[in-house]
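# Analysis of the macromolecular model
Chain by chain, the residues run as shown.
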Amino acid sequence: MLAGLLLIYCIKKDIKLDLKMSAILNTYNRKKVSFTKGKGAFLYGTNGKKYLDFVQGIAVNCLGHAHNYLINSISKQSKKLWHVSNAFIIPEQEKLAKRLKQKTFADYVSFQNSGAEATEAAIKFARRYFYSKGQPRKNRVLCINNSFHGRTLATIFASNSKKATEGFGPKVDGFDHFNFGDHKSLEKSITSRTAAIMVETIMGEGGIKVIPNYCLVGLRKLCNKKKILLILDEVQCGIGRSGKFFAFEHAKIKPDIVPIAKGIGGGFPIGAVLVNKKVASGMKPGTHGSTFGGNPLAMSAGNAVMDIMFKKGFLSNVTKNGNHFLKGLHKLKEKYPKIIKEVRGKGLLIGLCLYKDQTKFIQKLMDNKLLTVRAAENVVRLLPPLNVTKQEINLSLKILDKVCKNYR
Ligand SMILES: *Cc1c(COP(=O)(O)O)cnc(C)c1O
């Protein structure tokens, strides 16, 4: 009897110890939940609960969890060839690059593995362009304060938020900044040393802040006038998220360099930089590379995502469902004007801006089996898979309504 009790005590203590003594470096405030499997818009918790997942790995799983077409594509490739060096021609990579070229402004594509790597490569390509033109001092990049371009040393100082840069000095030089929406300081900050302006077409981590179309048109004109490059970071807002393949297409403009990642692999890590001919002229063999970038297994995922995304009606459906979602959220804002301050976003990149800190709100949503993720400025991000159904959106609206109703 006593031995039995002792055993139970030890087991319980062990479990507790396990959770407390995680071997994972403490860089995330993780929610106390984990999952056994996913299907479409849903995740199945080890606690037996079924969650509506409107995080989707932060806009990564654009086709939801366990999409059959993606599974088949990766399975098939995994039996043939996973990885070969970029020292050789990789046909699957040629195929994806050609398709990105056909569907977008791009003339050339360079594959990486993540968003930060892609944005950092974008910065390199911009500098190298002016270097190759005999203007090596034209190497500074102008960015928005508190933006998000990744977590590498260069990209944190490009993003320039206190949270990301604190304790990581010395500062990586080569970046200047202006505030979101401050046109005057933007123009004033451009000097003879400015090589490029780099902004997120829609700021994701910064709080789902959409740059209006007329500003994007103005940005393009300004870059032309000053003879500098326009880099649009579409890592989060690209790949169909806004209802068009790229968010800048809404403004009918063409950037010079576009880093992408998140959605393009449908959950498989892929990053890439798309460039026009002009920028491509600055690069030659040996100037940039990546061991893993664009390997055949990753490319099978990217090509499968493209197959589905460019099926007739896919992107217009994102717009339709996005508008339905936004309409429902605006109604909630009217119903709960003391809780919801603002509804932001485009397509299925949506932010619910609250009056107060959103941590408790997100927890309440999770208690009611809706998963969301935070962004700056008290924003709750809603990122459904791009093939979400109207019923799933309505379910999320019901949960949001319930949480608002009981919120103190
Ligand atoms: C997520 C994100 C990145 C960084 O991507 P990682 O894959 O996490 O390195 C860069 N830019 C934007 C706009 C992002 O949303």
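Position labels on residues start from 1 in each chain and follow its written sequence. Only residues with pLDDT of 70 or above have their local features reported here, since the model is predicted, and side-chain atom pairs are shown and tallied only from 80 upward, although totals for entire chains, interfaces and linings are computed over all residues. With hydrogens and water stripped out, all remaining heavy atoms of the structure feed into the side-chain values.

## Section: the environment of Gly-181
To qualify as a helix, a DSSP run of H or I must reach at least 4 residues; to qualify as a strand, a run of E must reach at least 2; elements of each kind are numbered from the N terminus. For Gly-181, the position within the fold is in the loop between β6 (175-178) and α8 (183-189). To sort residues, take the accessible area from a 1.4 Å probe on protein chains only and compare it with the maximum for the residue type: under 20% means buried, over 50% means exposed, and anything in between is partly exposed. Under the relative-accessibility criterion, Gly-181 is labelled exposed at 54%. As for Gly-181 and Gln-56, which are separated by 125 residues in sequence, their C-alpha atoms are 29 Å apart.

## Observations regarding the packing of aromatic side chains
Each aromatic pair joins two rings of Phe, Tyr and Trp (for Trp, the six-membered one) with centres within 6.5 Å, and gets the label stacked for planes under 30 degrees apart, edge-to-face for over 60, and tilted for any other angle. Under the defined criterion, the tally for this structure stands at eight aromatic pairs. Residues Phe-35 and Tyr-51 carry aromatic rings whose centres are separated by 5.9 Å and whose planes lie at 90° to one another, so their mutual orientation is edge-to-face. With Phe-35 in strand β1 (residues 35-39) and Tyr-51 in strand β3 (residues 50-53), this residue pair connects regions lying 16 residues apart in the sequence. Among the residues examined, Phe-35 registers a relative accessible area of 33% and is labelled partly exposed. Three or more aromatic residues link up through ring pairs in this structure, and these residues are Phe-105, Phe-245, Phe-246, Phe-248 and Phe-310. Working rule: Lys NZ or Arg CZ, within 6 Å of ring centre, within 35 degrees of ring normal, means a charge sits over the ring. If you follow Lys-209 out to its NZ or CZ, it ends over the ring of Phe-180, 4.9 Å from the centre.

## Examining a positive patch on the surface
Each patch is built from residues lacking any salt bridge and having more than 30% relative accessible area; the joining distance is 9 Å for like charges and 5 Å for nonpolar side chains (Val, Leu, Ile, Met, Phe, Trp, Tyr). Accessible surface area values rest on a Shrake-Rupley calculation with a 1.4 Å probe, where residue burial reflects the displayed protein chains alone. In what follows, salt bridge is the name for a side-chain nitrogen of Lys or Arg lying within 4 Å of a carboxyl oxygen of Asp or Glu. His is not counted, nor are the chain ends, whereas Lys and Arg count as positive and Asp and Glu as negative. Every charge is mapped onto a representative atom, which is NZ of Lys, CZ of Arg, CG of Asp or CD of Glu. On the surface, Lys-320, Lys-327, Lys-331 and Lys-390 cluster together into a positively charged patch. Considering each element in turn, the positive patch owes the most residues, three residues, to helix α12 (residues 314-335). Within the secondary structure, Lys-327 sits in helix α12.

## Remarks on the layout of surface pockets
Definitions used for this entry: grid spacing 1 Å over protein atoms alone; cavity, a set of points where a 1.4 Å probe fits but cannot get out; pocket, an open set with protein on both sides within 12 Å along at least 5 of 7 lines; lining residue, one with an atom within 4 Å of a point. Grid points are joined across faces, edges and corners, and a volume is the space filled by probe spheres set on the points. Of the volumes computed, that of the second largest pocket is approximately 900 Å³. Among the elements of the structure, α4 (91-103), β4 (108-112) and β12 (271-275) are those that each provide at least two residues to the lining of the second largest pocket. When residues are sorted by character, Ala, Val, Leu, Ile, Met, Phe, Trp, Tyr, Cys and Pro go into the nonpolar class, Asp, Glu, Lys and Arg into the charged class, and all the rest, Gly among them, into the polar class. By residue class, the composition of the lining of the second largest pocket is 13 nonpolar, ten polar and five charged.

## Notes on helix α9 (residues 213-226)
When the terminal C-alpha atoms of α9 are compared, their 20 Å separation across 14 residues agrees well with the 20 Å that a helix rising 1.5 Å per residue should span. Buried residues of α9: Cys-215, Leu-216, Leu-219, Arg-220, Leu-222 and Cys-223, and no others. An end-on view of α9 places all buried positions within 160° of arc, on one side of the element. Of the exposed residues in α9, the ones pointing more than 90 degrees away from its buried face are Tyr-214, Lys-221 and Lys-225. Contacts from the buried residues of α9 go to α8, β7 (194-200) and β10 (229-233). For a helix, the expected span equals 1.5 Å multiplied by the residue count minus one. Each C-beta atom gives one direction from the helix axis, and the arc is the one those directions make. Contacts between residues were defined by any pair of non-hydrogen atoms, one from each residue, lying within 4.5 Å.

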